[in-house]
Amino acid sequence: MPSPAPGAAVTARAPAKVNLLLQVGPRRDDGYHDLLTVFQALSLHEDVRASLAEGPAGRVRVTGTDGTDVSRVPLDGSNLAVRAVRLLAERTGTGGALDLHLHKGVPVAGGMAGGSADAAAALVAADALWGTHLGLEQLGELAAELGSDVPFALHGRTAVGTGRGERLVPVMTTATFSWVLVTSPVGLSTPAVFREFDRLTGDGGSDLGDVRRLRAVETALRAGDPAQLGAALHNDLAEAALSLAPHLAGTMEAGRAAGAMAAVVSGSGPTVALLAESPAAAADLAAALTDRHGAQHVRTASGPVLGAHVLEAVRATAVTDQGARDAGPADVRTSPPAPERSEGDD
Ligand code: C5P
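Parameters and conventions
- Residues numbered from 1 in each chain as written.
- Predicted model: local features only at pLDDT ≥ 70, side-chain atom pairs only at ≥ 80, totals over all residues.
- Heavy atoms only, no water.
- Helix = DSSP H or I, 4+ residues; strand = E, 2+ residues; numbered from the N terminus.
- Buried < 20%, exposed > 50% of the residue type's maximum accessible area, 1.4 Å probe, protein only.
- Contact = heavy atoms within 4.5 Å.
- Expected span 1.5 Å × (residues − 1).
- Near = heavy atom within 4 Å.
- Polar contact = N/O pair within 3.5 Å; in protein donor to acceptor, adjacent residues only side chain to side chain.
- Areas by Shrake-Rupley, 256 points an atom, 1.4 Å probe, with all protein chains shown as cover.
- 1 Å grid on protein atoms, 1.4 Å probe; cavity = no way out; pocket = protein on both sides within 12 Å on 5 of 7 lines; lining within 4 Å.
- Sits in = over half its atoms within 2 Å of the grid points.
- Nonpolar A, V, L, I, M, F, W, Y, C, P; charged D, E, K, R; others polar.

K.L.:
Can you tell me about the environment of Asp203, naming the residues and giving the values?
P.N.:
Mapped onto the elements of the fold, Asp203 is located in the loop between helix H5 (190-201) and helix H6 (212-223). Taking the relative accessible area as the measure of exposure, Asp203 reaches 45% and is therefore partly exposed. For the pair Asp203 and Gly25, spaced 178 residues apart in sequence, the C-alpha separation works out to 8.9 Å. If sequence neighbours within four positions are ignored, Asp203 has contacts with Pro26, Arg27 and Asp198.

K.L.:
How would you explain helix H2 (residues 114-130) if you had to name every residue and give the values?
P.N.:
Across its 17 residues, H2 extends 24 Å between first and last C-alpha, which sits within 8% of the 24 Å expected from 1.5 Å per residue. Counted residue by residue, H2 has 15 buried out of 17 residues, so it is predominantly covered. Once H2 finishes, Gly131 follows within two positions and takes phi at roughly 70°, a positive value.

K.L.:
Outline the site of the ligand, supporting the account with residue identities and numerical values.
P.N.:
Near the ligand, the surroundings consist of Gly31, Tyr32, His33, Leu35, Gly147, Ser148, Arg164, Thr190, Pro191 and Phe194. Ser148 has a polar side-chain atom sitting 2.6 Å from an oxygen atom of the ligand. Arg164 has a polar backbone atom sitting 3.0 Å from a nitrogen atom of the ligand. For the ligand, whose unbound accessible area comes to 450 Å², protein coverage reaches 75%. Judged by its atoms lying within 2 Å of the grid points, the ligand is housed in the largest pocket. Contributions of two or more residues to the shell around the ligand are made by strand E2 (33-52) and H5. Per-element accounting of the shell around the ligand gives the leading share, three residues, to H5. Broken down by class, the residue content of the shell around the ligand amounts to four nonpolar, five polar and one charged.

K.L.:
A description of unusual backbone geometry should follow, citing residues and the corresponding values.
P.N.:
The peptide bond linking Gly269 to Pro270 adopts the cis configuration, its omega dihedral lying at 5°. If you trace the backbone, Pro270 turns up in the loop between strand E9 (262-265) and strand E10 (272-276). That bond from Gly303 to Pro304 is cis: its omega, 5°, falls within 30 degrees of zero. Within the secondary structure layout, Pro304 lies in the loop between strand E11 (298-303) and strand E12 (309-314). Of note, the phi angle at Arg157 is positive, near 60°, even though the residue is not glycine. When you line up the elements, Arg157 lands in the loop between helix H4 (150-155) and strand E5 (158-162). Not every positive phi belongs to a glycine, and Asp203 is a case in point at roughly 60°.

Set out below in C-alpha cells:
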C-alpha cells in the first residue's frame, strides 16, 4: 500500500440531517431507544481535512462558517472525528497520527448531527489518505460503532432508519425540498432529551409497528409535494425538547406565522426546521425570521444531498512502495475564516 507523503491531505464533506419522521420506542436494556425514523440530508456541511500530523501527536483545529459557534466543540480524544480516525487505524492496522481540521457549517449540539457528520467525513478522509479503501459497507459498520447517526451521515440522501437509527434503507424522492433552520444559542443534550422523553411517557414510547406516519412521509416524498410532506412531519421527541427548552414553541409559532408550511423540532433539538414551499419562499421566510432571531441563527438549506464524500485530495509528493516520487497537485485550500479554535487555545 503506498504511504501518504508529507503534505498529503484529503478533505471530505458530510451533511447535516433533519428527521422528517421520528418515532421513539421504549428504552432498551442498553439505554438506547429503538427508532422508526426518516432522515433527510441537508445542504449544511461539515468539511474535514485530514493530513499527516506535523508533530508526534495529531492536532485538531476547528473553524466555523456563517458565525457557527464552535466554542463547545471538544478538541481532545472525545471528539467524534478523532475517535473515527482512531477506530479506522485500529481496525485496519494503519499507523501514524493525523492532523484534523474540522470546518463546521452545521449548528453545534443542534439536533442536526454535526458531530456525526464530522465522524463520517473523518472516516472517508482518513480512508482515502491512508489508502485503506474499506468501501461503504465496512465504513458503515465502523460508523455504527461511533454513534447512531453516523451511518446516515455517511450514506446521505433520504433514508428510513431503524434500530438505534443506524440501520438504513434508502427512500425514493422526486424533488428537492427547501428548509429554513432556526438554531438556538443554547444546545440541548441528546441523552437529556431522551431521559425527558422517558419521564414524560413513563418509559412508554410509541408503537413502532404503526407505520401509518411512515407511509404518509414516503407518499409525500414520492409525490415531491412540500404541502403533503409538511402535513406528514412528526417528531416524538418534540414534547421532551419543548419541555426542556420552552422558548422553542415561540420559534415554531413564529415560523408558521411567517409562512412556513410546517415547523418541526429537528431530532432532539433545539434547532427548529421549517419547511418552505420553494427556495424563494425559504429565502423570504429566513429574511422575516432574521429580524427576530439574528442572521447567525437562521439558515436556509435544501435536501436531499449526498452523503460523505471526498472533496479534494492533495497527494503532494507521494512516495510509493517502490520509492518512486510522483508530483501531485498543489494544495489550493484557502485559509479558513474566523472564528477558529486550536488545541492549546484554552
Ligand atoms: O448513539 P449516540 O452516541 O449518538 O447517542 C447519544 C445518546 O442519545 C445515547 O447515549 C442515548 O442516551 C441517546 N439515544 C437513545 N436512543 C437512540 C439514539 C440515541 O436513547 N436510538
